[in-house]
Amino acid sequence: MAQTSKAQTENPSRERILEQIRAGLRTVVPEPPALRSGQVIFEPINNPLERFQQECVGNLMECALTADSAASARQLAKVLQSLPEGEAFVQDDPALRRLIELAAPARPIRWSSQGAPGEASQATVTLAEALIAQTGSILVTASCGGRGASVIAPCHIVYATVAQLVPDLASALSRVSQERKLDSNSFACVISGSSRTADIEKILVQGAHGPRRLVVILQTVT
Amino acid sequence: MSQTAAQRFLHDAAVKSADLMHREIIRRGMDSYDVAHLKGRARIKDWEAARQKCQEIKREAVNHLDRYLLQFEEKVIARGGHVFWAANGEEACTYVKNLATRLGVRTVVKSKSMVTEEIHLSPALEKAGIKVWETDLGEFIVQLRDEPPYHIVTPAMHLNRGQIAKLFREKLDPGIGSDDPADLMAAARRILRQAFFAAEMGISGANFLVADAGVIAISTNEGNGRLCTSIPRIHVVVTGIEKVIPRLEDLAVLWPVLATSGTGQGITTYGTLIGGPRRPGEVDGAEEFHVVLVDNGRSQLLADAEQREVLHCIRCGACLNICPVFRHVGGHTYGTTYPGPIGSVLTPHLNGIKEFKHLSYASSLCGACSSVCPVKIDLSHHLLQNRRNATEAGATKSSERLIFRAWRYAMLRPRMYALGGWSVRKALRIIYGLGLAGSILDPMRVWNRYRSPVPLPSESFRARWRKDLGAN
């Protein structure tokens, strides 16, 4: 392998560390019995939509259920109107192009095809790869407008459909594995609420370095 | 003569446990953690099964550490990332420093990473003239105070809002009027925003390295970790070799368990996965992606059949929070990167048993730490084993060995033991009678200095046993 010699010069301790690990692992450590099969760690999810909505409340995020794309556009317009002046960053995707056209916001739009969101963005609008009922989370990847789209602006708006709901983290992660999402994206993130801190006296402050508001516009009909 | 680590520990422990304001701040912080933690645990249907699952995942990973690290490395390199293996802190710091110098880095933004504290990365970079911003609010606060983190999850939990507001006024902006936590966060956000957009390099840790997917996983709430890994053109991950886990799906249980044990949340706000530099066609992300795998004594623990499981630790801080010793002496007293029970177990392995054996005694062996550990590390027994190891290694003082030899001698000779007990009772009665309790002449000074003496029994246990106790 051509890479080996390069790796050795750039990584003088690599072989030594691996050797030490292997030497250490020769010591046999007795293993206690494994988990009994059939033990259920998390409560099974019977109604993913209901659970997702409940978890959104717990995560201090807003979830607006809409019937069709016209209603979603009205909801988007309403949220955008409530924000201070400034541009909105939007993932360049046909579905969001249509939605923005319907919502016709008064503010300037910056599309993700024009580059990353700037510091002055007041809102970002993106799609999600999936919604996770168990934890009230949205799953995004670099394809959803990039890495900064879900964290730079004070308000992140996600446009999703009920069909994107998966029951739990396990199913969301195995879907990521199966669809090789992490080979086609350098980044993915499970987002469960707006940014927060409790570093001062353990008091919860909503809106730390990332968004203060996370809004999910959840459309029931595709 | 300079103080040993043990002398300093005893001194600081005495000072801190008598500091009523410190105790009040910690008590309040821990009380709200306790409530959240128990509520969080109740959300998981079978907490014990969850702990066991996490233990099995970490055991599987640690028992095949070489294989999983190589799998992770291969994936990262295939995506255009770099992986550097550092045998110790110095190698890791030199690598990051050289990288920063080569790429013309002047400003670094950091998200929270205990491994970078362990290897003293920030001072190394600052010595090379690079400005380093800690961006986690708690880390930012302790950085402004020029202090190490007090706690591995909440670095500034020893301060109240008034102290933090005063610090911000002194160091950042004299105009900060309010001491409301939300306003203090907003002030930090304003300043750090400029740093995020100015920095050429972001440095993060990793909570997990996922072998099959070849990605790092970072859990953060504030979003600072997200910004550090999204905006700057270089992203460096500094982490320990033991952080690897076999499969992406393992996070389905590790994430909720880490969040529950760390803060009581069902899941941390951002569970971020990053596998390499920005791909062609992606909107943003670092152009350079480097992972520094730090050994720094960890691989030596693998050969320790009793304590290999110490490498399972996911740094949630639950053992610190429940520990009655931590709650009284506080995080800084330990004088180590990792305080609390896990630090007391780990530090003698990483930094030497001779200098840090005293930490094995900073425990009542109550076992609370073992009972909360989400990956079921038997911490209290490891503390006991470290005491034994220190003794066997001859790390104890000759005076201590002499006392124990005398005690053993007396224990094997009942008359001698009775005589010893009798003379100590007599001597103490005289000393206490003269009002010398707690003075330099009092053999019980360690206890009596800060407390009223325990009343002396009028007769020995053996005498009481003969008279009435034994009759029942």
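Nothing here was measured: the structure is a model prediction, and the numbers come from that model.

K.L.:
Even after reading the chapter, I still don't get the overall build of chain B, so can you show me in this structure?
P.N.:
When helices and strands are tallied, chain B shows 23 helices and 10 strands. Relative to the globule expectation of 23 Å for 472 residues, the C-alpha radius of gyration of chain B, 26 Å, shows essentially globular dimensions. Among the 472 residues that make up chain B, the fraction classed as buried is 50%. Considering only contacts within chain B whose residues lie at least 6 apart along the sequence, 72% involve residues at least 24 apart.

K.L.:
Please explain the overall build of chain A as it appears in this structure.
P.N.:
In terms of helices and strands, chain A carries 7 helices and 12 strands. C-alpha atoms of chain A, sized along the principal axes, occupy 65 × 45 × 40 Å. When each of the 222 residues of chain A is scored for burial, the buried share is 48%.

K.L.:
Looking at this model, I keep getting lost on the packing of helix 6 (residues 169–178) of chain A against helix 12 (residues 251–262) of chain B. Mind explaining?
P.N.:
At a closest axis distance of 8 Å, the pairing of helix 6 of chain A and helix 12 of chain B adopts a crossing angle of 130°. On the basis of their axis angle, the class for helix 6 of chain A and helix 12 of chain B is oblique. Across the interface between the two elements, Leu169(A), Ala170(A) and Leu173(A) from helix 6 of chain A touch Leu251(B), Ala252(B) and Trp255(B) from helix 12 of chain B.

K.L.:
When you look at the sheet that holds strand 8 (residues 244–245) of chain B in this model, what are you seeing that I'm missing?
P.N.:
Note on sheets: strands pair through backbone hydrogen bonds, and any given pair is parallel or antiparallel. Strand order in the open sheet made by the 8 strands is 8(A)-5(A)-6(A)-9(A)-9(B)-6(B)-5(B)-8(B), with mixed pairing throughout. In the strand order of this sheet, the two ends are held by strand 8 (165–166) of chain A together with strand 8 of chain B, each with one partner. Relative to strand 6 (residues 137–141) of chain A, strand 5 (residues 130–132) of chain A runs antiparallel, the two being bridged by 3 bridges. If you follow Ile132(A) over to strand 6 of chain A, its bridge partner there is Ser137(A). Lying over the sheet, helix 6 of chain A contacts strand 5, strand 6, strand 8 and strand 9 (187–191) of chain A, oriented at roughly 155° with respect to strand 5 of chain A.

K.L.:
I tried to follow the nonpolar core on my own but got confused; where do I start?
P.N.:
What tends to happen in soluble globular proteins is that the nonpolar side chains get buried as a cluster. Residues and elements named next belong to chain B. Residues Val-108 and Val-292 are the most contacted members of the largest nonpolar core, which totals 181 residues. No other element matches helix 12, which puts 8 residues into this core. Residue assignment places this core across two domains, with domain 1 (1–43 + 317–396) and domain 2 (47–299) each supplying three or more. Ignoring anything within four residues of it in the chain, the contact list for Val-108 reads Ala-100, Leu-125, Ile-130, Lys-131, Val-132, Trp-133, Ala-199, Met-201 and Ile-203.

K.L.:
Whenever I open this one, helix 4 (residues 69–81) of chain A confuses me. Can you help?
P.N.:
Since the α-helix turns once every 3.6 residues, residues separated by three or four places project in the same direction. Under the 1.5 Å per step criterion, the end-to-end length of helix 4 of chain A is 18 Å for 13 residues, consistent within 8% with the ideal 18 Å. Contacts from the buried residues of helix 4 of chain A go to strand 1 (62–66), strand 2 (88–90), helix 5 (94–103), strand 4 (123–127), strand 7 (155–161) and strand 12 (213–219) of chain A.

K.L.:
Sorry, what's going on with the interface of chain B and chain A here?
P.N.:
The figure often quoted for interface size is the accessible area lost as the parts come together. Each partner contributes to the interface: chain B provides 78 residues, whereas chain A provides 61 residues. Taken together, the residues of the side of chain B that touches chain A break down into 36 nonpolar, 22 polar and 20 charged. Pairing geometry for strand 9 of chain A and strand 9 (residues 270–274) of chain B, over 5 bridges, is antiparallel. By the bridge assignment, Ile191(A) is partnered in strand 9 of chain B with Tyr270(B).

K.L.:
What is the right way to read the pairing of strand 7 of chain A from this model?
P.N.:
Consecutive side chains of a regular strand alternate in pointing toward one face of the sheet and then the other. Residues and elements named next belong to chain A. Where burial is concerned, most of strand 7 is hidden: 6 out of the 7 residues are buried. Pairing geometry for strand 7 and strand 12, over 7 bridges, is parallel. Bridge pairing in strand 12 links Ile-157 to Val-215.

K.L.:
What should I look at first to understand helix 6 of chain A in this one?
P.N.:
Here helix 6 of chain A has its buried residues at Leu169(A), Ala172(A), Leu173(A) and Val176(A). Burial along helix 6 of chain A is one-sided: seen end-on, the buried residues are contained in an arc of 95°. Residues of helix 6 of chain A that are buried in the fold lie against strand 5, strand 6, strand 8, helix 7 (181–184) and strand 9 of chain A together with helix 12 of chain B.

K.L.:
Can you walk me through the packing of helix 3 (residues 47–63) of chain B against helix 12 of chain B in this structure?
P.N.:
The packing of two helices is summarised by the inter-axis angle and the distance between the axes. Residues and elements named next belong to chain B. Interhelical geometry of helix 3 versus helix 12 gives an angle of 120° and a closest axis separation of 10 Å. Comparing their axes, helix 12 and helix 3 come out oblique. By crossing handedness, the relation of helix 3 to helix 12 is classed as left-handed. Every residue of helix 12 that contacts helix 3 at Ala-50, Lys-53, Cys-54 and Ile-57 is listed here: Val-253, Leu-254 and Val-257. Split into classes, the residues belonging to the contact of helix 3 with helix 12 amount to 6 nonpolar, no polar and 1 charged.

K.L.:
Where do I start with the pairing of strand 10 (residues 288–294) of chain B in this structure?
P.N.:
Residues and elements named next belong to chain B. Of all 7 residues in strand 10, 6 are buried; the element is thus mostly enclosed. Taken together, the 5 bridges between strand 1 (residues 82–86) and strand 10 define a ladder with parallel strand orientation. Directly across from Ala-86, in strand 10, lies its bridge partner Val-294. Relative to strand 10, strand 7 (residues 234–240) runs parallel, the two sharing 7 bridges. In the strand pairing of strand 10, Thr-239 is matched with Leu-293.

K.L.:
Please clarify how the sheet that holds strand 1 of chain A should be interpreted in this entry.
P.N.:
Residue and element names in this part refer to chain A. Taken in spatial order, the 6 strands make up an open sheet running 1-12-7-4-2-3, and their pairing is parallel. Edge strands, defined here as strands with exactly one partner in the open sheet, are strand 1 and strand 3 (109–111). Adjacent strand axes in the sheet meet at a mean angle of 20° when their direction is disregarded. Along the sheet, helix 5 makes contact with strand 2, strand 3, strand 4 and strand 7, crossing strand 4 at roughly 130°.

K.L.:
Would you mind going over unusual backbone geometry with me for this structure?
P.N.:
Leaving glycine out, the prevailing phi sign among residues is negative, and the prevailing peptide bond configuration is trans. Residues and elements named next belong to chain A. Of note, Leu-60 is a non-glycine position whose phi angle comes to about 60°, a positive value. Structurally, the position occupied by Leu-60 is in the loop between helix 3 (48–58) and strand 1. A count of 18 C-beta atoms within 10 Å places Leu-60 in the partly exposed class. Although it is not a glycine, Glu-201 sits at a positive phi angle of roughly 50°.

K.L.:
Sorry if this is basic, but what is going on with the environment of Gly81(B) here?
P.N.:
Residues and elements named next belong to chain B. Structurally, Gly-81 is set in the loop between helix 4 (65–78) and strand 1. Here Gly-81 falls in the buried class, since 23 other C-beta atoms lie within 10 Å of it. A C-alpha to C-alpha distance of 73 Å links Gly-81 and Trp-465, two positions 384 residues apart in sequence. With residues near it in sequence (within four places) discarded, Gly-81 still touches Val-76, Gly-276, Pro-277, Phe-289, His-290 and Val-291.

K.L.:
Before we go on, may I ask you to explain the environment of Ile141(B) in this structure?
P.N.:
Residue and element names in this part refer to chain B. As for its placement among the helices and strands, Ile-141 is situated in helix 8 (residues 137–144). By C-beta crowding, Ile-141 is classed as buried, having 25 other C-beta atoms within 10 Å. In sequence terms Ile-141 and Ala-188 are 47 residues apart; their C-alpha atoms lie 9.0 Å from each other. In this view, Ile-141 contacts Ala-156, Leu-159, Ile-164 and Leu-167; residues no more than four positions away in its chain are not counted.

K.L.:
Any chance you could explain the confidence of the model for chain B here in plain terms?
P.N.:
Low pLDDT means the predicted atomic positions in that stretch should not be read closely. Looking at chain B as a whole, the pLDDT averages 95, with 99% of positions reaching at least 70. Interface scoring of the predicted complex returns ipTM 0.96; its pTM is 0.93.

K.L.:
Is there a simple way to think about the environment of Cys366(B) in this case?
P.N.:
Positionally, Cys366(B) belongs in the loop between helix 17 (353–356) and helix 18 (368–372). On a C-alpha basis, the gap between Cys366(B) and Asp295(B) in space is 31 Å, while along the polypeptide they are 71 residues apart.

How each quantity is defined
- Residues numbered from 1 in each chain as written.
- Chains lettered and ligands numbered in written order.
- Predicted model: local features only at pLDDT ≥ 70, side-chain atom pairs only at ≥ 80, totals over all residues.
- Helix = DSSP H or I, 4+ residues; strand = E, 2+ residues; numbered from the N terminus.
- Rg over C-alpha atoms; globule rule 2.2 N^0.38 Å.
- Buried ≥ 20, exposed ≤ 12 C-beta atoms within 10 Å, placed from the backbone.
- Contact = placed C-beta atoms within 7 Å.
- Axes fitted to C-alpha atoms, helices over the stretch in contact; angles between N-to-C directions.
- Parallel < 35°, antiparallel > 145°, perpendicular 65-115°, else oblique.
- Pairing = 2+ DSSP bridges.
- Core = buried A, V, L, I, M, F, W, Y, C linked by C-beta atoms within 7 Å.
- Domains from an automatic or database assignment.
- Expected span 1.5 Å × (residues − 1).
- Nonpolar A, V, L, I, M, F, W, Y, C, P; charged D, E, K, R; others polar.
- Arc of directions from axis to C-beta.
- Left-handed = near helix turned anticlockwise from the far one by under 90°.
- pLDDT = per-residue confidence, 0-100.

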